[in-house]
Amino acid sequence: MPRVTDEHRAGRRAEILAAAARVFAVKGFHGASMADLITESGLSAGAVYSYFRSKEELIAAVADLAHATADDVFGALLADGAVPSPADAVATMITAIHERLVDGPLPSVDITRLGVQVWAEALRNPEVYDRAQWVVLRLRGHCAEVARRWQAAGNLPAGTDPDQIGAAMLSLLQGYVLQRLLVPLTDPSGYVSGVRALLG
């Protein structure tokens, strides 16, 4: 029954990732050891290592959750040749941040907190840096495609560089993540209103 086996493996992998995320959220990446992660998972060391060979692979998997969310959201936004505005794209991503990263898919774990840890870890760990850079560039690419279509529809000056607009759009999303973590009263709807006013 290959399908059952695949589902079982996917469920076990998610279970290990959720356990690791809980430990990372409390101890941080530096304070957490593989032994801590294995204990939290309730599985044997062999079982955990059959899915993740190192702590770095677990960190990368956390980063991939944000990447997968962005791919899904931008895929839907840009489907069938749609031309969303940059403001609509940022607003949609902020909604997705709450629905998919703050409130799920890992129970009781705010993935955005771990995302910020990934950014910090990337500054000292070349393996994490390479993965984090790839994710950031992919997100910038999604945002740039929004800008490219908006420009082609005549809504941006012809000489504007869509790649630079994409970089600025991603900064608005990253800035929101940081502000809601550091200033808990940051209101998503108010932030989106500010983005819409700023981007016209």
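Calculation notes
- Residues numbered from 1 in each chain as written.
- Predicted model: local features only at pLDDT ≥ 70, side-chain atom pairs only at ≥ 80, totals over all residues.
- Heavy atoms only, no water.
- Buried < 20%, exposed > 50% of the residue type's maximum accessible area, 1.4 Å probe, protein only.
- Helix = DSSP H or I, 4+ residues; strand = E, 2+ residues; numbered from the N terminus.
- Arc of directions from axis to C-beta.
- UniProt positions renumbered as here; feature names shortened; annotations may be inferred.
- Salt bridge = Lys/Arg side-chain N within 4 Å of Asp/Glu carboxyl O.
- Axes fitted to C-alpha atoms, helices over the stretch in contact; angles between N-to-C directions.
- Parallel < 35°, antiparallel > 145°, perpendicular 65-115°, else oblique.
- Left-handed = near helix turned anticlockwise from the far one by under 90°.
- Contact = heavy atoms within 4.5 Å.
- 1 Å grid on protein atoms, 1.4 Å probe; cavity = no way out; pocket = protein on both sides within 12 Å on 5 of 7 lines; lining within 4 Å.
- Points joined across faces, edges and corners; volume = space filled by probe spheres on them.
- Nonpolar A, V, L, I, M, F, W, Y, C, P; charged D, E, K, R; others polar.
- Patch = residues over 30% accessible without salt bridge, like charges linked within 9 Å, V, L, I, M, F, W, Y side chains within 5 Å.
- Areas by Shrake-Rupley, 256 points an atom, 1.4 Å probe, with all protein chains shown as cover.
- Core = buried A, V, L, I, M, F, W, Y, C linked by side-chain atoms within 4.5 Å.

Comments concerning helix 2 (residues 34-41)
Move 1: Within the span of helix 2, buried status applies to Met34, Leu37, Ile38 and Ser41. Along the axis of helix 2, the buried residues cluster in a sector spanning 100°; they form a single face. Facing away from the buried side of helix 2, by more than 90 degrees, are the exposed residues Ala35 and Thr39.
Move 2: Positive backbone phi, at 75°, marks Gly42, one or two positions downstream of helix 2.

Here we look at the UniProt feature "DNA-binding region" (unreviewed entry) in the protein
Move 1: UniProt records the feature "DNA-binding region" (unreviewed entry) for residues 33-52 in the present numbering.
Move 2: Here residues 33-52 is 65% helix and 0% strand, with 13 Å between the C-alpha atoms at its ends.

Notes on the pattern of salt bridges
Move 1: Within the structure shown, the criterion is met by 12 salt bridges.
Move 2: Among the ionic pairs, Asp88 bridges to Arg196, the shortest N-O distance being 2.7 Å. A residue pair is termed long-range when its members are at least 10 positions apart, and Asp88 in helix 5 (residues 86-102) and Arg196 in helix 9 (residues 188-199) qualify at 108 residues.
Move 3: Taking the relative accessible area as the measure of exposure, Asp88 reaches 31% and is therefore partly exposed.
Move 4: For the salt bridge of Arg180 with Asp110, the shortest nitrogen-to-oxygen distance reads 3.1 Å. Highlighted residues: Arg180 in helix 8 (residues 162-182) and Asp110 in the loop between helix 5 and helix 6 (111-122), separated in sequence by 70 residues.

Side note on the packing of helix 7 (residues 126-152) against helix 8
Move 1: Put simply, helix 7 and helix 8 touch, their axes get as near as 7 Å, and they point 120° apart. With respect to each other, helix 7 and helix 8 are oriented oblique. Helix 7 and helix 8 meet at a crossing whose hand is right-handed. Together, Val136, Leu139, Arg140, Cys143, Ala144, Val146, Ala147, Arg148 and Gln151 of helix 7 and Pro162, Asp163, Ile165, Gly166, Ala167, Met169, Leu170 and Gln174 of helix 8 make up the contact between the two elements.

Quick word on empty space enclosed by the protein
Move 1: Under the counting rule described, the total for this entry stands at 1 cavity of 30 Å³ or more.
Move 2: Approximately 390 Å³ is the volume found for the largest cavity.
Move 3: The wall of the largest cavity is formed by 24 residues, among which Ala66, Leu101, Trp119, Leu139 and Val177 lie closest to the centre.
Move 4: Elements that contribute at least two residues to the lining of the largest cavity include exactly helix 4 (55-77), helix 5, helix 6, helix 7 and helix 8.
Move 5: Partitioning the lining of the largest cavity into residue classes produces 20 nonpolar, 4 polar and no charged.

Details of a nonpolar patch on the surface
Move 1: On the surface, Leu178, Leu182, Val183 and Leu185 cluster together to form a nonpolar patch covering roughly 440 Å² of accessible area.
Move 2: Looking at the secondary structure, you find Leu182 in helix 8.
Move 3: A relative accessible area of 68% places Leu182 in the exposed class.

Things to note about the nonpolar core
Move 1: Ranked by internal contacts, the top residues of the largest apolar core, which has 57 residues, are Phe24, Leu37, Leu58, Phe74 and Val118.
Move 2: For this core, the element with the highest residue contribution is helix 4, accounting for 10 residues.
Move 3: When neighbours within four sequence positions are excluded, Leu37 is seen to be in contact with Ala19, Ala20, Val23, Phe24, Ala32, Lys55 and Leu58.

What to know about the layout of surface pockets
Move 1: The calculated volume of the largest pocket comes to roughly 150 Å³.
Move 2: Trp119, Ala122, Leu123, Tyr129, Ala132, Gln133 and Val136 are the residues that line the largest pocket.
Move 3: For the lining of the largest pocket, the secondary-structure elements that each account for two or more residues are helix 6 and helix 7.
Move 4: Here the lining of the largest pocket takes 4 residues from helix 7, the largest share from any one element.
Move 5: In terms of residue class, the lining of the largest pocket is made up of 6 nonpolar, 1 polar and no charged.

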